[in-house]
Amino acid sequence: MRECICKKSYKSIVFARLPWYNIRMEKTVYESFIKILEEELVPATGCTEPIAVAYAAALARDTLGALPYETVAEVSGNILKNVKSVVVPNTGGLRGIESAVAAGIVAGNAEKRLDVLADIKANDLEKIRAYIEKAHCTVQKSHSQCVFDIGITVKSGEHSAYVRITKHHTNVVRIERDGAALLSKDEGENEQSAIVRDSLTIKNIIAFANELKTNDIAAVIKRQIACNTAISDEGLKNDYGGRVGKTLLAAFGSGVHNRAKAAAAAGSDARMNGCSLPVVIVSGSGNQGMTASLPVIEYAKELGASEEQLIRALAVADLITVRLKSGIGKLSAYCGAVSAGCGAGAGVCYLCGGDYDAVSHTVINALAINSGILCDGAKSSCAAKIASAVDAGLLGYEMYRNGNMFYGGDGILDSDVEKTIDNVGDIARIGMHETDEQIVNLMIEGCCK
């Protein structure tokens, strides 16, 4: 049995083995989880939606082979929503689709994908601003049924180029030059989506963490710890956005529960407001990457956890976040921080000795508390939503630890954690579709006329 590593201020808990506990997971499933973590935990500089727009624009410029002075950006409503209010990194505070396009065209390095704007220098800023003034950029709402869709057309003289990204942030499915296709591929479900649907269950995730050879994922997890801690520290040291992280510490003290919320919120304070430090993302989102990881890191510091224990706990937090998001989609009206907050609570639970039963009830409790926070785009207030999501995840764990929980039949909850997660996914993806459209209409009314 795994014993709780908590300090004396926490109850000493020993969780009983469940019948499946000694059953080793299939090698193919183990390897697929390693692959998921390697693919998900990648660095990104800035909010990933404007970065995806900048990536498409930089790739279109490269395809054209010249600096274009006419651009059409055709993007889905959710891209408009998530790019409208957030600061594009390394641009001196610029916001919006046009700014992301201009930054990508003038100074983007398409080879670096989600770090496309990481190398912008100070002398590039005036070039970007001048380009915005001189060039003509038209923004249109896409007619695509996909909620994540970016199409960039660029022109210079008689030549043109086109790049389309769909489904997720680096999934380039079409590249054209002068109307001729240089790349064309199926935009359907990828291999990882099938893996997530079929094998990424809470039971398998806990079995994976128990059996994990930590060297298999040490590099990606250590990068997550280093990058996300650095931007959180930056958010706590300086004044970004609404200063949610700093406010939490000033108002509610330095206990580990509050520090966990403040750390994640501070990272978002910085990231949403132009900080150029990279973040290691989860499910395509830096905010979700910070929300899932930083609370677990804070608890590991408090508890004196070993590096191996932290790696296992972060694997749980990251994979549970991916599991929750797999039924929702990359973008929706449902705030992704809720899923990552559940992941964080589950990671803390595992760090403290929690088994499958404990982690499952932590997730169920957290979903009962906080499901339904609306996503109205990337911006400063995301930091406050993150704090709320982390609080729900931690409260979900504390309830279970003290013998209190919500039960199947309470609202949308089911006694089975997987069914509960699927219920939430259906609500977010299907039930909130019209809500999403209304949010987008309210946010972008007039901007694409």
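Here the structure is shown first, and the text comes after it.
Here we look at the overall build of the chain
Argument step 1. Looking only at helices and strands, the chain has 17 helices and eight strands in total.
Argument step 2. Against the 2.2 N^0.38 benchmark of 22 Å for 449 residues, the chain shows a C-alpha radius of gyration of 22 Å, consistent with a compact globule.
Argument step 3. In terms of overall dimensions, the chain has a C-alpha envelope of 70 × 45 × 40 Å along the principal axes.
Argument step 4. Here the chain holds 449 residues, and 58% of them are scored as buried.
Argument step 5. Long-range pairs, those at least 24 residues apart, make up 76% of the contacts in the chain between residues at least 6 apart in sequence.
Argument step 6. When the accessible surface of the chain is totalled, it reaches about 17,800 Å², and 50% of it is carbon and sulfur.
Argument step 7. Computed over 47 positive and 52 negative side-chain charges, the inter-centroid distance for the chain is 4 Å.

Focus on the pairing of strand 5 (residues 159–166)
Argument step 1. In terms of strand pairing, strand 4 (residues 149–156) meets strand 5 through eight bridges, oriented antiparallel. Looking across to strand 5, one finds that glycine 151 is bridged to arginine 164.
Argument step 2. Linking strand 4 back to strand 5 in an antiparallel pair, the connection comprises two residues, with glycine 157 at a positive phi of about 65 degrees.
Argument step 3. Pairing of strand 5 with strand 6 (residues 172–177) involves five bridges; the strand directions are antiparallel. Bridge pairing in strand 6 links alanine 161 to arginine 177.
Argument step 4. Joining the antiparallel neighbours strand 5 and strand 6 is a turn of five residues, in which lysine 167 adopts a positive phi near 75 degrees.

The rules we used
- Numbering of residues starts from 1 in each chain and follows the order in which that chain's sequence is written.
- Where local features are concerned, this predicted model is filtered to residues with pLDDT of at least 70; where side-chain atom pairs are given and counted, the filter is 80 or more; whole-chain, interface and lining totals use all residues.
- Just so you know, side-chain values use all the structure's heavy atoms and leave hydrogens and water out.
- Strands are runs of DSSP state E lasting at least two residues, helices are runs of H or I lasting at least four, and both sets are numbered from the N terminus onward.
- Atoms counted for the radius of gyration: C-alpha only. Globule rule: 2.2 Å times the number of residues to the power 0.38.
- Under the scheme applied here, a residue whose accessible area is under 20% of the maximum for its type counts as buried, over 50% as exposed, and between as partly exposed, the area being computed with a 1.4 Å probe on protein chains only.
- Residue contacts follow a heavy-atom distance rule, with two residues in contact if any of their heavy atoms lie within 4.5 Å.
- Reported accessibility uses the Shrake-Rupley method at a 1.4 Å probe radius. Residues are deemed covered only where the shown protein chains occlude them.
- Lys and Arg are tallied as positive, Asp and Glu as negative. Neither His nor the chain termini are counted.
- Note on charges: their place is set at NZ of Lys, CZ of Arg, CG of Asp or CD of Glu.
- Only strands joined by at least two bridges in the DSSP assignment are considered to pair.

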